[in-house]
Every structure is written in structure tokens, then in C-alpha cells.
Amino acid sequence: MTVMVEKDLRKMLNIALKKLDVEQHDIEIEVPKDTTHGDFSTNIAMKLARVLRKSPMQIAEMIVEEFPNNEVFKEITIAKPGFINFVVDKRIYYNVITEINSERELYGSSSIGHGEHYNIEFVSANPTGSLHIGHARGAAAGDSLARILKKAGYRVTKEFYVNDGGNQIHNLALSINARYKALFNEPVEMPEDGYYGKEIIALAKTIQLEHGDRYLKEDGYAFFRQYGVDYLLDQLKTDLRNFGVEFDIWFSEAKLYEEKLVEKTIETLKEKDYTYEKDNALWLKTSEFGDEKDRVIIKSDGSYTYVTPDIAYHKEKLSRGYTKLIDILGGDHHGYVPRLKAAIEMFTGQSDYLEVDLLQMVKVIQNGEEVKMSKRSGKAITLSDLVEDVGKDPIRYFFAMRSLNTHMELDLDLALKQTNENPVFYAQYAHARIASVMRQAAEKGVHVNTLINQFETLDSDKIDTLLTVLVDYKNVVEEAATKRIPHKITQYIHRLAQALHSYYAEEKVITDDERATKERLALIHAVKIVLKDALSLVGVDAKDRM
RNA sequence: GUUUCGGUAGCUCAGUUGGAUAGAGCAACGGCCUUCUAAGCCGUCGGUCGGGGGUUCGAAUCCCUCCCGGAACGCCA
């Protein structure tokens, strides 16, 4: 809708410019941050100052003079340096109410992603322990982005890469072994790079319950390995589900080996002459593609480095025909990105088939001071702790509020308060208020016809604001999707909730005026739909009562 | 040392293809509940945009330089 209005404006400005004998010109139209500057503005008069050799103010006046008559803009003003500001007659927005109420959750959908199929990989934690707070940020970011991209018309596949093939699983088995033996007072030393989380102790106890002392007598290594991965992966899925995050594909690293994909990938790279042998190892020429140096892919002892299966994995993903691969990684992996992109370029000829979005660290504050995580002691704040103590919605919302690449702070004292310091309540309350009014209407026997399309009584600044925000939804979704900025959505949610609360305080919806009541009910019903939909894009539930 | 992210109001953060008096939430302060939910509304206070140069009609935004903090710099994963 705003897009249409913008198009109209452009057309009208061109007509005016033609009358002034100005050649076709790039007209910049923007939505002013300050609403007192109207709904749209242009700096065209300033741009033309040099060409026409007149002052911007003069030019602006000339443009306004020649501006065609129309029903879209009810006010056109000229401001200081030479801006021309346009105020939309909000009556042309009335039909958005009907549109929303009939399209419901499809309203705001876009087609800018048409034809694109994105694979978005995130979290991808090793199944060696519980998910901690860093994974939580990744999960929230990836899932929200996926939802937003879908809304914008992209096809999206969410994928979790399970690192179940490497050395870490070996260490996991040894760690379980140590914890298991300890239960029988047969202490075994924890491995050097062992996993110290309390969930490993719980895991060992489960094994003790199910199998008694069986693995004191026989070697339990293979069993611990398999059991551990299954158990932890299962827990991990549960934790993510409780956080509102579901994946389409769980891709096992082990599968790469089973299907010989790593060997095949290395063969391909050799054939393309991107490898060479040196010091008894096999190197990949990543420096030819922007990496700062070449990387070893087969060590001198014959084993692979970390990147090797990962390259095979990304090649496998490419073979599935996605138009883009997105990896969401922790910021500490930034040095890893160039070598991965180099490999992608070796296969596809262009590195931007892969987009890596980095998340910066989360600093956790508790009792006013920073909580330091420690692998050794197993001390960490887990995702399940967060969901249990604080709740899914505030955590999801809080993560979505921040841009991905900012260092963020999570204040647990604040999050635990569950007061209005958590902005998510503000939005949920707006939704609940509307639901409440709807209930009142039903009780009073008011017949709610949300599909009315004639509006005669909606006339106030608060309503104009609501309509303006509702109309803007699609733009916001598109911007959030293309720029990968989920916080654009939470900002929008806040803007809409604010407009609703402000309106609610000013005007009663249900009155004796039947006509007005019906129109207002249709309006707030539309607000309710968009609020709920926008919240869903960041994985937050809308509530009907609070 | 190199790479990378960040430094914007008391706090947490938006805003960076150059544009109008730099925004939001929270905190603080002052009002508003006989009326559909006060988890709300209305208003006030609050900033050398890390420092210094430069580019121009115009810089938080672009260029140079310096300072401070996080992270990464393996034939670890």
C-alpha cells in the first residue's frame, strides 16, 4: 500500500518536474523519521538547486505549484532547507482493514523472495552436552530469520549439522565412562578435553539405572558413544522445541563418512588442481580465493582437519539445489569463514553462494556482575534453564531485539523480573486487550462483521497512526528479510502495540453508536491479526488473556 | 602484530547507499483508574554520537589517525 502511494507520488512529482522543463531525474522519496514531517518527503528541490541555479526553497515552491490535483495527499508543505513534505489522506488506507481481516495471517506476505530457496544452518552444536546461552542466541536468530524469510516469499530449509563423527564424540564416550565408573566408586580420570556438564552425570545415572554395573565388567566404549549421542541429541531437540525452534533437516556428520562424501570431495578438489602435498600433508589452495594462507585438509597422520568434512558437507548442501546457503555462526568463527568461502568458490565459481552471518557473544549478568562460563567446572547457563526460569517468550523477544552482530548483554535479574521492563509484555498486553474487547462485544451480543468495507466514523489522529502502521507491515517484513535484521520486526511490534494502547486510552470501542462500534471492532481486529503475526515471526506467542 | 566486532542518553540498544531540532525501551520526575485489562495512557528531564583531523551546502554515517573493550589468528575442534 505504501509502495503504491510512493509510486503515485513519484508519478505526480514527475508531472510537476516536466512542467518545469526538468529532465527526468532520480527522485528520492523517504519516509521521515519525524512524523510531523508528514508521511513522505523528498529532497528533490535541494538536488536541483545547482542545476536550476535557484534556491531550494524557490524550487520547492515551483514544484508544489505545478503539483497535480489529487485525492491522495491532503497536505503538501515546504520546510526549511528545501524539503517538500506530503501528508497522506488516511481515508485511502481504510481498505487495509478489510484486506487484513480477509487475508488474515497472509497479510504482509511478500513475493520478493520469489524463486529463491535458502538453506539456513544454525545452532549446529555438538551433541556433547546441553545447549547454553550462546546456542540460544543462535537458535533465536536463525529461527526468526527463517520465519521472516518465509513471510517474504522465500522457500526456507532449516538445518542442523550434527557433529557426531569427530574426536569430540570420542571424548564424550570417555567422559561418560568416567562419570559412570565414579558412580561405583571406581574413579577413572576425566579425559583432557572432557565434558564436565551436570547433564553427563545425569546421563551416567540413567545408564546405571538401565544397565546396572554391566559396563564395569565389559568394555562400554562403543555403547557409551552411541548412547551418549542419542541421549544428548534427544535432549537437545527437546530443548529447542521448548524454545519454539524446529528443524527440517538434521544432518549427521557420520553420514558423510558412510557415503564416502569426504573422500569424493577431496578427489574433486584434487582433480580441479586445488590441492598439493607438502610436509606429508595435503593442502588446499584457499589463499587463491581470498584466504590469508592455504589450509591443511589431510594431516600428516592421515586424519582430516576440522574443515575437511565441513567442506564436504557444504558441497553436499550445494548439490541439493538451494539458491543460497546461510550459516549462522558464533563470532569466534570469523577466521574460519574465508577458507569455507574459498572452498565454495572452488565448486561454484562464486563465493557468495554462501553467506555467513556472525553472532557476537552474549555477556550474562547476574546479581549485578558478569557470569563467567567454565567448561572445566561445567558451569554454564543452559537454554533449558532460561526457558524454565524466564520463559520462552521473553528470551526469544529479547534476542530478536538485538541486531545479530552486536555484542549483547543479557541481564538475568531483569529477565527474571517479569515486569514491564520486559518489552514483550507490552506487546502481548496489547493483544490481550483486543481479545478482551472482542469478548466484551460477544457478551453484549454485538455482531462483529470484520469484513465491512465502508468506513464513515473512523476519524482521529490515533486511528490515522494505527492505519499508517498497519499499512507499513509488508515493507517492514521485506526489509527485515533482505537485510537479515529481525530486530526490525520487534521494533515494528512495539510501534503497533504503542499505537494500539494510545488509541485504546483515548477512545472506547464499544459504545451505543452501533455503526462506530462495528467499524472500530473491525479496526482493532485487524490490529490483533497483525500483532499476532508479527510476534509469530520472532517465535513469540500472542496471548488472549494476561 | 594481523584480522574481526563493538564504543551513541544514567542503563540496554536502534539509527551508518551522507540529509531536517540524533531515536526507542528501561530508570528518574509530574499528572491520569465510578467508564471495554493501569503489564496502560499523557507529559518532563536526559547525549562532547570514544578523541583529533579531513572531504562538502550538509557527517553518528565517507576518508585518515589515535585511544578503549570483546573475539579469532593450529597439521584443535
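These lines cover the structure that appears in this document, whether it is placed above or below. It should be emphasised that the depicted structure is a prediction, and the values quoted were computed from it without experimental measurement. (Residues numbered from 1 in each chain as written. Chains lettered and ligands numbered in written order. Predicted model: local features only at pLDDT ≥ 70, side-chain atom pairs only at ≥ 80, totals over all residues. Heavy atoms only, no water.)

## Topic: the nonpolar core
The nonpolar side chains of a soluble globular protein tend to be buried, and buried together.
Reasoning step 1: Membership of the largest hydrophobic core comes to 123 residues, with the highest contact counts inside it found for F73, L240, F399 and I489.
Reasoning step 2: Residue contributions to this core peak at twelve residues, all from helix α22 (residues 514–537).
Reasoning step 3: For F399, the contacting residues outside a window of four places in its chain are I133, A136, R137, A140, F243, V362, M408 and L410. (Core = buried A, V, L, I, M, F, W, Y, C linked by side-chain atoms within 4.5 Å. Buried < 20%, exposed > 50% of the residue type's maximum accessible area, 1.4 Å probe, protein only. Helix = DSSP H or I, 4+ residues; strand = E, 2+ residues; numbered from the N terminus. Contact = heavy atoms within 4.5 Å.)

## A few points about the environment of M190
Reasoning step 1: Tracing the backbone shows M190 in the loop between α7 (167–183) and α8 (198–211).
Reasoning step 2: The sequence separation of M190 and L172 amounts to 18 residues, and the corresponding C-alpha distance is 10.0 Å.

## Describing the packing of helix α18 (residues 423–443) against helix α21 (residues 487–506)
Reasoning step 1: At a minimum axis distance of 9 Å, the contact between α18 and α21 shows a crossing angle of 45 degrees. Looking at the two axes, α18 sits oblique to α21. Considering how the two elements wind past one another, α18 and α21 form a crossing that is left-handed. Where α18 approaches α21, its residues Y426, A427, Y429, A430, R433, I434 and V437 are matched on the opposing element by I493, H494, A497, Q498, L500, H501 and Y504. (Axes fitted to C-alpha atoms, helices over the stretch in contact; angles between N-to-C directions. Parallel < 35°, antiparallel > 145°, perpendicular 65-115°, else oblique. Left-handed = near helix turned anticlockwise from the far one by under 90°.)

## Remarks on the sheet that holds strand β7 (residues 249–252)
Reasoning step 1: Taken together, five strands build an open sheet; the order of strands is β7-β6-β5-β11-β12 and the sheet is parallel. Edge positions in the sheet fall to β7 and β12 (354–359), since each has one partner strand and no second. Adjacent strand axes in the sheet meet at a mean angle of 25 degrees, parallel and antiparallel pairs treated alike.
Reasoning step 2: Sheet strands touched by helix α10 (residues 221–242): β6 (155–162) and β7. Its angle to β7, the strand with the most contacts, is close to 155 degrees. (Pairing = 2+ DSSP bridges.)

## Let's talk about the layout of surface pockets
Reasoning step 1: Space inside the second largest pocket adds up to approximately 1200 Å³.
Reasoning step 2: Surrounding the second largest pocket, 35 residues form its lining, V31, P32, T35, T468 and R495 being those nearest its centre.
Reasoning step 3: Mapped onto the lining of the second largest pocket, the elements with two or more residues apiece are α1 (2–19), β1 (29–30), α19 (461–471), α20 (473–483) and α21.
Reasoning step 4: Ranked by the residues each element gives to the lining of the second largest pocket, the list is headed by α21, at seven residues.
Reasoning step 5: Looking at the lining of the second largest pocket, its residues break down into eleven nonpolar, ten polar and 14 charged. (1 Å grid on protein atoms, 1.4 Å probe; cavity = no way out; pocket = protein on both sides within 12 Å on 5 of 7 lines; lining within 4 Å. Points joined across faces, edges and corners; volume = space filled by probe spheres on them. Nonpolar A, V, L, I, M, F, W, Y, C, P; charged D, E, K, R; others polar.)

## Re the protein's contact with RNA strand B
Reasoning step 1: Neighbouring RNA strand B are 59 residues, the closest being R402, Y429, R433, S436 and Q491.
Reasoning step 2: Backbone atoms, meaning sugar and phosphate, make up 65% of the atoms of RNA strand B lying within 4 Å of the protein.
Reasoning step 3: Contacts to RNA strand B include D279, whose backbone N or O atom sits 3.0 Å from a base nitrogen.
Reasoning step 4: At 2.8 Å, a backbone N or O of S300 approaches a base oxygen of RNA strand B.
Reasoning step 5: Elements with a minimum of two residues in the surface near RNA strand B: β4 (83–88), β9 (281–284), β15 (408–411), α18 and α21.
Reasoning step 6: Looking at the surface near RNA strand B, its residues break down into 19 nonpolar, 22 polar and 18 charged. (Near = heavy atom within 4 Å. Polar contact = N/O pair within 3.5 Å; in protein donor to acceptor, adjacent residues only side chain to side chain.)

## Considering the pattern of salt bridges
Reasoning step 1: Tallied over the full model, the rule gives 28 salt bridges.
Reasoning step 2: One salt bridge connects R295 with D291, and the closest N-O pair in it is separated by 2.8 Å. Of the two residues, R295 and D291, both sit in the buried class.
Reasoning step 3: With a closest N to O distance of 3.9 Å, K518 and E514 form a salt bridge. Remark: E514 and K518 occur in helix α22; sequence separation between them is four residues, near one turn of the helix.
Reasoning step 4: Of the residues examined, K518 reaches a relative accessible area of 24% and is grouped as partly exposed. (Salt bridge = Lys/Arg side-chain N within 4 Å of Asp/Glu carboxyl O.)

## Comments concerning the packing of aromatic side chains
Reasoning step 1: Summed over all chains, the structure comprises 26 aromatic pairs.
Reasoning step 2: Where F67 meets F86, the ring centres are 5.4 Å apart and the plane angle is 40 degrees; that geometry is what we call tilted. Residue F67 is located in the loop between α4 (56–66) and β3 (73–79), and its partner F86 is located in strand β4; the two are separated by 19 residues in the primary sequence. In this pair, the class of F67 matches that of F86, namely buried.
Reasoning step 3: A connected cluster of aromatic rings, assembled from ring pairs, spans Y180, F184, Y215, F223, F224, Y227 and Y231.
Reasoning step 4: If you follow K237 out to its NZ or CZ, it ends over the ring of W250, 4.7 Å from the centre.
Reasoning step 5: The ring of W283 carries K278 above its face, with NZ or CZ at 4.5 Å from the centroid. (Phe/Tyr/Trp six-rings, centres within 6.5 Å; stacked < 30°, edge-to-face > 60°. Lys NZ or Arg CZ within 6 Å of the ring centre and 35° of its normal.)

## Topic: the pairing of β9
Along any regular strand the residues' side chains alternate between the sheet's two faces.
Reasoning step 1: Taking every second residue as pointing to the same face, both faces of β9 are buried, with A281 and W283 on one and L282 and L284 on the other.
Reasoning step 2: The pairing of strand β8 (residues 275–278) with β9 spans four bridges and is classified as antiparallel. Bridged to Y276 within β9 is W283.
Reasoning step 3: Two successive antiparallel strands, β8 and β9, enclose a turn made up of two residues, where D279 displays a positive phi of approximately 50 degrees.
Reasoning step 4: Here β9 pairs with strand β10 (residues 295–298) via three bridges, running antiparallel. By the bridge assignment for β10, W283 is matched with V296.

Geometric descriptors of this kind do not, in isolation, establish any biological role.
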